[in-house]
Amino acid sequence: MNTLTCFSLSITHHVAHLVMNRPEVMNTMHPTFWRELDEVLAHLHQTGEARALVISSTGKHFSAGMALETFGGAITMDDQSPEGRAAIFDLLTDMQATFTRIENLRIPVIMAIQGGCIGGAVDMVTAACIRYATQDAFFCIQEINIGMVADVGTLQRLPKLIPLGVVKELAYTGRRMPAQKALGYGLVNEVFETPEAMLAAALQCAQEIASKPPVAIWGTKQAVNYARDHSVDDSLRQMGWLQGAIWSNQHVRESVSAMKQKRAGDFPALAALTRFSELG
């Protein structure tokens, strides 16, 4: 990968830790942020080295969302012609695809959120599997406060996570939802007193996930995400196909042996992926 400027990435004992490291600008999102995030996610998806990913941040706030100056510079929205408005669709589709990479990543993703999670940051964290927060964290669908509709995933994913009436209240008013309310609604899994305690818990959870057979974790994520968007009958049918594709007697035997012997299991990593265009 190219050198990162908006993030730092480390991988320890099969756990990847991606840190947003521009607290001086509240980890706002601009084209470089998007490009680097997309590159990191593609790398983790393809290599199979990591078995879980923790995304955390630095400074007072997790992220203040989209950098407002971006709208006056790097991103220009032409609303003066049908051609320009059509291009807005294509631009948004490209931006949405980056956060969808989080949802579709072959490994589980845990978000560790301190302070403000605002605007585009809500889009990002709703694509994750697990969310931990500090007691001072809050969530804000900021877009309505600057005269626009949230457009990179919040309005599509948040209703799958919390009650629809709560989503509408937040989306229509731009109010802040504090961590304790987010916990009560199920948006976050747990609230911690300090960022340090939260990050330790996130990394511990990731390590537990990394200790399981990676292909079984992959299959579990596939099944849960599919069931969210399909009927029970369709999801059960998909489960049969999925289990038939990845079942491993060896993995089950090794898991049982490891539990009995109180040791870590030994499982193969997910196969590295190569893009078709890179073959030959």
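Residues numbered from 1 in each chain as written. Predicted model: local features only at pLDDT ≥ 70, side-chain atom pairs only at ≥ 80, totals over all residues. Heavy atoms only, no water.

Novice: Give a detailed account of the layout of surface pockets, specifying residues and quantitative values.
Specialist: In this structure, the largest pocket spans a volume of roughly 390 Å³. Around the largest pocket sit 18 residues that line it, and Ala 128, Cys 129, Lys 221, Val 224 and Asn 225 are the ones nearest its centre. Counting only elements with at least two residues in the lining of the largest pocket, the list comes to strand E6 (130-134) and helix H8 (214-229). Among the elements that make up the lining of the largest pocket, the one with the highest residue count is H8 (6 residues). Looking at the second largest pocket, its volume works out to about 270 Å³. Residue lining of the second largest pocket: 21 residues in total, with Ala 64, Gly 65, Met 66, Leu 68 and Ile 146 positioned closest to the centre. Secondary structure elements with two or more residues in the lining of the second largest pocket: helix H2 (82-104) and helix H3 (120-125). Considered class by class, the residues forming the lining of the second largest pocket number 13 nonpolar, 5 polar and 3 charged. (1 Å grid on protein atoms, 1.4 Å probe; cavity = no way out; pocket = protein on both sides within 12 Å on 5 of 7 lines; lining within 4 Å. Points joined across faces, edges and corners; volume = space filled by probe spheres on them. Helix = DSSP H or I, 4+ residues; strand = E, 2+ residues; numbered from the N terminus. Nonpolar A, V, L, I, M, F, W, Y, C, P; charged D, E, K, R; others polar.)

Novice: Summarise the sheet that holds strand E8 (residues 176-178); cite the residues concerned and give the values.
Specialist: With mixed pairing, the 3 strands of this open sheet are ordered in space as E5-E7-E8. A single partner strand is all that each edge strand has here, and the edge strands are strand E5 (116-118) and E8. Strand-to-strand twist in this sheet, taken as the mean axis angle between neighbours without regard to direction, amounts to 20°. Where strand E7 (residues 138-140) and E8 come together, 3 bridges link them in antiparallel fashion. Residue Phe 138 lies in a different strand from E8, and its bridge partner there is Pro 178. (Pairing = 2+ DSSP bridges. Axes fitted to C-alpha atoms, helices over the stretch in contact; angles between N-to-C directions.)

Novice: I'd love a proper account of H8, names of residues and values included.
Specialist: Between its terminal C-alpha atoms H8 stretches 23 Å, which fits the 22 Å expected from 16 residues at 1.5 Å a residue. Among the residues making up H8, those that are buried are Pro 214, Ile 217, Gly 219, Lys 221 and Ala 223. Looking at the buried side of H8, the elements it contacts are H2, strand E4 (109-113), helix H7 (195-210) and helix H9 (232-246). (Expected span 1.5 Å × (residues − 1). Buried < 20%, exposed > 50% of the residue type's maximum accessible area, 1.4 Å probe, protein only. Contact = heavy atoms within 4.5 Å.)

Novice: Explain the nonpolar core to me, using residue names and the numbers behind them.
Specialist: Counting residues in hydrophobic clusters, the biggest one holds 52 residues, and the most contacted among them are Phe 33, Leu 53, Phe 62, Met 111 and Met 124. If you list the elements that add at least two residues to this core, you get strand E2 (15-20), helix H1 (31-47), strand E3 (52-57), H2, E4, H3, helix H5 (164-173) and helix H6 (179-185). Broken down by element, this core gets its largest block of residues, 6 residues, from H1. With residues near it in sequence (within four places) discarded, Leu 53 still touches Ala 16, His 17, Leu 18, Leu 41, Leu 44, Leu 105, Ile 107, Pro 108, Val 109 and Ile 110. (Core = buried A, V, L, I, M, F, W, Y, C linked by side-chain atoms within 4.5 Å.)

Novice: Lay out the pattern of salt bridges with the relevant residues and their values.
Specialist: Summed over all chains, the structure comprises 10 salt bridges. A salt bridge links Asp 38 to Arg 101; its shortest N-O distance comes to 2.8 Å. Of this pair, Asp 38 sits in helix H1 while Arg 101 sits in helix H2; the two residues are 63 residues apart in sequence, bridging distant segments of the chain. Among the ionic pairs, Lys 160 bridges to Asp 229, the shortest N-O distance being 3.4 Å. Linking Lys 160 in the loop between helix H4 (154-157) and H5 with Asp 229 in helix H8, this pair joins segments that are 69 residues apart in sequence. (Salt bridge = Lys/Arg side-chain N within 4 Å of Asp/Glu carboxyl O.)

Novice: Mind laying out a nonpolar patch on the surface, listing which residues take part and the relevant values?
Specialist: Taken together, Trp 247, Val 252, Val 256 and Met 259 make up a surface patch of nonpolar side chains, about 410 Å² in accessible area. Position of Trp 247 relative to the elements: it lies in the loop between H9 and helix H10 (249-261). (Patch = residues over 30% accessible without salt bridge, like charges linked within 9 Å, V, L, I, M, F, W, Y side chains within 5 Å. Areas by Shrake-Rupley, 256 points an atom, 1.4 Å probe, with all protein chains shown as cover.)

Novice: Quick one: what's the story with the packing of H2 against H8, residue by residue and with numbers?
Specialist: The geometry of H2 relative to H8 is characterised by a closest axis approach of 11 Å and an angle of 120° between their N-to-C directions. Taken together, the axis directions place H2 and H8 in an arrangement best described as oblique. Of the residues in H8, those touching H2 at Ile 102, Glu 103 and Asn 104 are Lys 221, Asn 225 and Arg 228. By residue class, the composition of the contact of H2 with H8 is 1 nonpolar, 2 polar and 3 charged. (Parallel < 35°, antiparallel > 145°, perpendicular 65-115°, else oblique.)

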